[in-house]
There are 2 protein chains.
Amino acid sequence: MSWVERELREQPTALARFLDRERDDVRARAPALVERDVRYLLIASRGSSGNAARYAQYLFGAFNQLPVAFSTPSLYTLYDAPPKLDGALAIAISQSGESPDVVSVLAEATRQGRPTVAITNECESPLTRHADWVLPLHAGHERAVAATKTYLNSIAAVALLSAALAGDDTRIAAIDAMPDAVEAQVERSLAASPTLDRYAGADGGVVVARGLNLATAFEIALKIRELSGIPFEPFSSADLLHGPIAALLPGRPVLVVAPSGPTV
Amino acid sequence: MSWVERELREQPTALARFLDRERDDVRARAPALVERDVRYLLIASRGSSGNAARYAQYLFGAFNQLPVAFSTPSLYTLYDAPPKLDGALAIAISQSGESPDVVSVLAEATRQGRPTVAITNECESPLTRHADWVLPLHAGHERAVAATKTYLNSIAAVALLSAALAGDDTRIAAIDAMPDAVEAQVERSLAASPTLDRYAGADGGVVVARGLNLATAFEIALKIRELSGIPFEPFSSADLLHGPIAALLPGRPVLVVAPSGPTV
């Protein structure tokens, strides 16, 4: 069994651990986060954590009426010209807590007196020195290059924060049901994987989604790349029509993330 | 001569026309834009206009200390759950002024009493009905699918707004010198284009940049796609290391946008 498959199978346990240890604390502390004149969230992240941020952008927008801006770390590091963060709640998402770019955004937010949250799997990392609140992912050690448990727990952290901020116990109960749901889905997905063998020769492809699942499209594309080296690309179905649709080519698979509800 | 080449050659004239007609008005009106408790900019856009927005994100951040958030149109249209826009100055960039997504963001900002600007090439478009201020691009008619004059004038509009907001006459003078600089560059680029013939058989590639020129990397990749159908992808040099570097393959060209100054 590969490390990726092993860690995929560890996801339900890792998710349950995160929820057991953090649910009550998040529920108690989240409402105070937006007390300090918060108008929007500023999220710093990279890679898979950046996709968790993309999920946050739609989730906090739709369920908390909070706009989300992604930070531009080079303004903090390369240009040494950070923006004024009045009105921002700064959130960093970083599995390792070590990316200097992500750390620099949280450090600047602290310097400007803004509230800060660090969502990370490493509680002793440089990132946590600049956070009012460290929200640990409890995903355990991850050996595979492709993030599995940390990605799942990151989006769970985002979902939990959003629900707690809204005081929405129905959503928190739905999140609590997720470890069992994930376990069943991992089994279904692994059982169905042989049907994908016919795409083994593809030299590229596209993943399409919209809104809350745009993050899923980005993460699927990143995972395929990391594990196969084949350039898959994520697109919003709306953006695809503005130019990049020219890149859809015969023989290249198109994955569509199409859950029920208003999506694609 | 193709439409694209013809319109590339029309860029200096179109840019000079925009600056002549709008410079003084922008200089006079821009400072009032941020008077209404503006903490950040919210930009709605798609396609090439989205790349102008990406340029704005770094420019307003570095030179006006204003964070920039990109709107998530599906929250306004698909989910009917728009965020609260307290603290936002809403800017739409749309060549045609017709994208319902982009229009919906500006309409909601107006509904919430926030200041709004429409940057567009079509002054009679649906977008302009929801803008306190319409900033026309004066790019003239564009026939080619690939935006040339409208993209250049959009980034000029962004640069002019940023400089006027900062009251920076040195930068405005530098912008005024751009039509001549663009004319010289178009000649140099067209003269050098035969050296690119050896890449004609490429089946994909990557464009890398960072910070203020990240927009340039995105626009180059989009242009190559639109004109050739070949999937070129843009990356921030920082993001590239977090996973997608696995997609760099032998035989695929990598373009690096590397001006002087702190960039890559």
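Residues numbered from 1 in each chain as written. Chains lettered and ligands numbered in written order. Predicted model: local features only at pLDDT ≥ 70, side-chain atom pairs only at ≥ 80, totals over all residues. Heavy atoms only, no water.

Residue and element names in this part refer to chain B. Within strand 6 (residues 205–209), five of the five residues are buried, which leaves the element mostly enclosed by the surrounding structure. Residues of strand 6 alternate between two faces, with Gly205, Val207 and Ala209 on one and Val206 and Val208 on the opposite face, all of them buried. Note that strand 6 and strand 7 (residues 232–236) share five bridges and pair parallel. Opposite Gly205, over in strand 7, you have Phe232 as the bridge partner. Handedness of the crossover joining strand 6 and strand 7 through helix 9 (residues 214–228) is recorded here as right-handed. (Buried < 20%, exposed > 50% of the residue type's maximum accessible area, 1.4 Å probe, protein only. Helix = DSSP H or I, 4+ residues; strand = E, 2+ residues; numbered from the N terminus. Pairing = 2+ DSSP bridges. Right-handed = clockwise from strand over helix to strand, strands pointing away.)

All names here are of chain A. According to the domain assignment, chain A contains domain 1 (3–185) and domain 2 (201–256). For domain 1 versus domain 2, the separation of C-alpha centres amounts to 25 Å. Each partner contributes to the interface: domain 1 provides 13 residues, whereas domain 2 provides ten residues. With both chains or domains summed, domain 1 and domain 2 bury close to 1000 Å², and 69% of this area falls on carbon and sulfur atoms. For the domain 1 face of the interface with domain 2, the top three residues by lost area are Asn51, Arg54 and Tyr58, together amounting to 43%. Viewed at the interface, domain 2 and domain 1 are joined by three residue pairs in polar contact (both at pLDDT 80 or more). The greatest single-element share of the side of domain 1 that touches domain 2, amounting to eight residues, is contributed by helix 3 (residues 47–64). Of the residues that constitute the side of domain 1 that touches domain 2, the class distribution is nine nonpolar, three polar and one charged. (Domains from an automatic or database assignment. Contact = heavy atoms within 4.5 Å. Buried area = accessible area lost by both parts, 1.4 Å probe. Polar contact = N/O pair within 3.5 Å; in protein donor to acceptor, adjacent residues only side chain to side chain. Nonpolar A, V, L, I, M, F, W, Y, C, P; charged D, E, K, R; others polar.)

Time to look at the sheet that holds strand 6 (residues 205–209) of chain A. Residue and element names in this part refer to chain A. Sheet architecture is open: three strands sit in the order 7-6-8, paired in parallel fashion. Of all strands in the sheet, those bounded by a partner on one side alone are strand 7 (232–236) and strand 8 (254–256). Averaged over neighbouring strand pairs, the angle between their axes works out to 20° when direction is ignored. Strands strand 6, strand 7 and strand 8 of the sheet are contacted by helix 9 (residues 214–228), whose axis makes an angle of about 175° with strand 7. (Axes fitted to C-alpha atoms, helices over the stretch in contact; angles between N-to-C directions.)

Turning our attention to the relation of the copies chain A and chain B. You can overlay chain A on chain B at an RMSD of 0.0 Å; the transform is a turn of 180° with a shift of 0.0 Å along its axis. Overall, the copies show the geometry of a two-fold rotation axis. Distance from the rotation axis, computed per C-alpha, reaches its smallest value in chain A at Ala69(A): 2.1 Å. Looking at the interface residues of chain A, 100% of them are also at the interface in chain B, so both copies use one shared face. (Least-squares fit on C-alpha atoms with pLDDT ≥ 70 in both.)

Counting from both sides, the interface comprises 54 residues of chain A and, opposite them, 54 residues of chain B. Taking both sides of the interface into account, the surface hidden between chain A and chain B amounts to around 4400 Å²; carbon and sulfur atoms contribute 57%. By the criterion of area lost to chain B, the three top residues of chain A are Arg39(A), Arg46(A) and Tyr79(A), representing 14% of everything that side buries. The closest approach of N and O atoms between Arg210(B) and Asp101(A), which form a salt bridge, is 2.8 Å. The tally of links between chain A and chain B comes to twelve residue pairs in polar contact (both at pLDDT 80 or more). Breaking the side of chain A that touches chain B down by element, the ones donating at least two residues are helix 3, strand 2 (68–70), helix 4 (73–76), helix 9, strand 7 and helix 10 (237–240) of chain A. (Salt bridge = Lys/Arg side-chain N within 4 Å of Asp/Glu carboxyl O.)

If you roll a probe as big as a water molecule over the atoms, it shows you where there is empty space left. Under the definition given, this model contains four cavities of 30 Å³ or more. In this structure, the second largest cavity encloses a volume near 70 Å³. Lining the second largest cavity are 13 residues; nearest its centre among them are Pro67(A), Val68(A), Phe70(B), Thr72(B) and Pro83(B). Among the elements of the structure, helix 3 of chain A together with helix 4 (73–76) of chain B are those that each provide at least two residues to the lining of the second largest cavity. Tallied by class, the residues present in the lining of the second largest cavity amount to nine nonpolar, four polar and no charged. (1 Å grid on protein atoms, 1.4 Å probe; cavity = no way out; pocket = protein on both sides within 12 Å on 5 of 7 lines; lining within 4 Å. Points joined across faces, edges and corners; volume = space filled by probe spheres on them.)

Our focus in this paragraph is the pattern of salt bridges. Residues and elements named next belong to chain A. Enumeration according to the criterion identifies 38 salt bridges over all chains in this entry. The residue Asp86 makes a salt bridge to Lys84 at a minimum N-O spacing of 3.9 Å. Note on Lys84: relative accessible area 48%, which makes it partly exposed. Through salt bridges with shared partners, one network takes in Asp20, Arg23, Asp24, Arg27, Asp169 and Asp176.

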